[in-house]
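Fold and contact review
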There are 2 protein chains.
Amino acid sequence: MSSQNPKGPKSALFAGFAEVAKALGQGHRLEILELLAQSERSVEVLAERAGLSIANASQHLRLMRRAGLLVSRRDGKRILYGLSDPAVLDLMAALRRVAERNLAEVREVIGGYFHERDALEPVGRRELARRLKDGLVTVLDVRPEDEFGTGHLPQAINIPLRELTSRLRELPRDREIVAYCRGPYCVLAFEAVALLRRRGFRIRRLEDGYPEWKAAGLPVAQDRR
Amino acid sequence: MSSQNPKGPKSALFAGFAEVAKALGQGHRLEILELLAQSERSVEVLAERAGLSIANASQHLRLMRRAGLLVSRRDGKRILYGLSDPAVLDLMAALRRVAERNLAEVREVIGGYFHERDALEPVGRRELARRLKDGLVTVLDVRPEDEFGTGHLPQAINIPLRELTSRLRELPRDREIVAYCRGPYCVLAFEAVALLRRRGFRIRRLEDGYPEWKAAGLPVAQDRR
DNA sequence: TCATCATTCAATCAATATATTGAATGATTG
DNA sequence: CAATCATTCAATATATTGATTGAATGATGA
């Protein structure tokens, strides 16, 4: 067998597992993965969102595809990348969990940056789903428009963070608002909560983001394919 | 804040998560982690088991401790390393799951090496626990003696793989045997099953290993601290 | 208090990873 | 069928990682 490692199947397996972990072992790649957790995307868009050159983004994507984290397909003249499997989301979540518990540096960032911007408890998925069904809450999606378009929470209104200050009148002052974005540590929702609290809105943050909501099997809406 | 990344909290978090993933991104380190999932161990023992020089093993251990995967404590004149948290086991399991589903190389090794040695379905944890309670099965632990000593399945008998051929008379021929070792892809149990089947024993493999059994909250036994 | 010895550190070299540039590819679409 | 253009490849420079050697550390235990 061609892939048979000279050191035997044990080493070959560890090497295989390590290849997957290596693919996760770079900040830019994790950022790309978070973006792809929202929906599939072209190389160009990913490069722009992650602040990379196109060639560099392409390299990272190829590496992650080889590691089995991503799949790609052609759509017209662009290639769309996407997560290969929901299990990749679980892997990212497990990684976050270990890092947030055991890595001093991560705990520091979370404690120093995030908590001061969100003293209140975030809202859990289940709780939000219940209150949403009862019509008791307004859901605010602060991701960019295109990410919202490919999938969002039901009845959510989309105001990207950058436009928030100029579109305050679209938000209710008599109901609680729940903001969300890409994931548990996506800064967009934190910033939105901080900004809107200062303006007197009643707003909390969803404990995680759209991909986790969707993966949990909760209902989602979609504007366009 | 000293760890404040110039590119903001988003990059700092991704970098932190990446540090954990990097620590998992090397075959020798994954092997060390599998060993530490059995029980805490000194640098010397880990180096020997993983086939590394002591200085090299020490370097890998330091890196993983920094990434929050391990903790160390002094015991007499040696330093014992151990997993920092059960969440590390979950992370390793998530890594295996993605690799075995999506990485062609891993699927090939599993298909080519493991399946031909274990055509039968492995036994699940719950099923084994039930049959063990009813006294219907003999459990065989093929790990080295010291790993067995620090923790094993109840009523398991310990015959390290290397001694198996010379100690066949200790095994029953009238009852089913279930063999296990360090984890889902630990080769020891696969080899034991193959060897004993050829000798006419009725034997199957536990679907995973001792750390998973223990983490699932099932009963364990211990001979010495 | 001091000799011991497991572990860590420091220095080095080879190997690998990352980012940049510019050219090549190749499927699409008019 | 040819022009277009998103993506990939190739080549390069720099940075990081991994393994080895030998010396330094420092807590133990006599």
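Rules behind the numbers
Residues numbered from 1 in each chain as written. Chains lettered and ligands numbered in written order. Predicted model: local features only at pLDDT ≥ 70, side-chain atom pairs only at ≥ 80, totals over all residues. Heavy atoms only, no water. Contact = heavy atoms within 4.5 Å. Buried area = accessible area lost by both parts, 1.4 Å probe. Salt bridge = Lys/Arg side-chain N within 4 Å of Asp/Glu carboxyl O. Polar contact = N/O pair within 3.5 Å; in protein donor to acceptor, adjacent residues only side chain to side chain. Helix = DSSP H or I, 4+ residues; strand = E, 2+ residues; numbered from the N terminus. Nonpolar A, V, L, I, M, F, W, Y, C, P; charged D, E, K, R; others polar. Domains from an automatic or database assignment. Near = heavy atom within 4 Å. Buried < 20%, exposed > 50% of the residue type's maximum accessible area, 1.4 Å probe, protein only. Pairing = 2+ DSSP bridges. pLDDT = per-residue confidence, 0-100. Least-squares fit on C-alpha atoms with pLDDT ≥ 70 in both.

1. Focus: the interface of chain B and chain A
- Across the contact, 50 residues belong to chain B and 50 residues belong to chain A.
- Regarding the contact of chain B and chain A, the summed buried area is about 4500 Å², with carbon and sulfur atoms giving 74% of it.
- If you sort the residues of chain B by the area they bury against chain A, L13, F14 and F17 of chain B come out on top, with a joint share of 14%.
- Summed over the shared surface of chain B and chain A, the result is four salt bridges.
- A salt bridge links E31 of chain A to K10 of chain B; its shortest N-O distance comes to 3.3 Å.
- Summed over the shared surface of chain B and chain A, the result is eight residue pairs in polar contact (both at pLDDT 80 or more).
- Those elements that provide at least two residues to the side of chain B that touches chain A are α1 (9-24), α2 (27-38), α5 (86-102) and α6 (104-114) of chain B.
- Of the residues forming the side of chain B that touches chain A, the biggest block, 13 residues, is contributed by α1 of chain B.
- Residue composition of the side of chain B that touches chain A, by class: 28 nonpolar, 10 polar and 12 charged.

2. Topic: the domain arrangement of chain A
Residue and element names in this part refer to chain A.
- Annotation of chain A at the domain level lists domain 1 (9-88) and domain 2 (112-215).
- Of the roughly 750 Å² buried where domain 1 meets domain 2, counting both sides, 44% is carbon and sulfur surface.
- The shortest N-O distance in the salt bridge between R49 and E147 comes to 3.0 Å.
- Between domain 1 and domain 2 we count six residue pairs in polar contact (both at pLDDT 80 or more) in total.
- It is helix α2 (residues 27-38) that contributes the most residues to the side of domain 1 that touches domain 2, four residues altogether.
- Of the residues assigned to the side of domain 1 that touches domain 2, the class counts are two nonpolar, two polar and three charged.

3. Structural notes on the protein's contact with DNA strand D
- In the vicinity of DNA strand D, 22 residues are found, and the nearest of them are E44, S58 and Y81 of chain A together with R29 and H60 of chain B.
- In DNA strand D, atoms within 4 Å of the protein come 77% from sugar and phosphate.
- Between Y81 of chain A and DNA strand D, the recorded distance is 2.7 Å, taken from a side-chain N or O atom to a phosphate oxygen.
- One of the side-chain nitrogen or oxygen atoms of N56 of chain B is found 3.2 Å away from a phosphate oxygen of DNA strand D.
- Looking at the surface near DNA strand D, the elements that each hand over two or more residues are α3 (43-50), α4 (54-66) and β3 (78-83) of chain A together with α2 and α4 (54-66) of chain B.
- No other element matches the five residues that α4 of chain B contributes to the surface near DNA strand D.
- Taken together, the residues that form the surface near DNA strand D break down as seven nonpolar, eight polar and seven charged.

4. Regarding the environment of A55 of chain A
- Its place among the elements puts A55 of chain A in helix α4.
- In this structure A55 of chain A comes out as exposed when scored by relative accessible area, which is 56%.

5. Notes on the pattern of salt bridges
Residue and element names in this part refer to chain A.
- A complete count under the given rule lists 36 salt bridges over all chains for this structure.
- Note that D146 and R49 form a salt bridge whose closest N and O atoms lie 3.0 Å from each other. Taken together, the residues D146 in helix α8 (residues 145-149) and R49 in helix α3 connect sequence positions 97 residues apart.
- Here R125 ties to D208 by a salt bridge, and the two come within 2.6 Å at their closest N and O atoms. With a gap of 83 residues between them, R125 in helix α7 (residues 125-133) and D208 in the loop between β7 (203-205) and α10 (210-215) connect regions that are remote in the sequence.
- Classification of R125 as partly exposed rests on a relative accessible area of 24%.

6. Overview of the pairing of strand β2 (residues 70-75) of chain B
All names here are of chain B.
- Examined bridge by bridge, β2 and strand β3 (residues 78-83) share six bridges and lie antiparallel to one another. If you follow S72 over to β3, its bridge partner there is Y81.
- Once β2 ends, the chain turns through two residues before running back antiparallel as β3, passing G76 with a positive phi of about 65°.

7. Focus on the confidence of the model for chain A
- Model confidence for chain A is summarised by a mean pLDDT of 92, while 95% of its residues fall at 70 or above.
- Here the complex is predicted with pTM 0.91, and the ipTM for its interfaces comes to 0.91.

8. Overview of the relation of the copies chain B and chain A
- For the match of chain B to chain A, the screw axis carries a shift of 0.0 Å, the RMSD comes to 0.0 Å, and the turn is 180°. A rotation of that kind, with that shift, is consistent with a two-fold axis.
- Most of the interface of chain B is mirrored in chain A: 100% of its interface residues are interface residues there too.

9. Considerations on unusual backbone geometry
Residue and element names in this part refer to chain A.
- Despite not being glycine, Q155 has its phi angle at roughly 65°, a positive value.
- With respect to the helices and strands, Q155 occurs in the loop between α8 and β5 (157-158).
- Owing to a relative accessible area of 61%, Q155 belongs among the exposed residues under this scheme.

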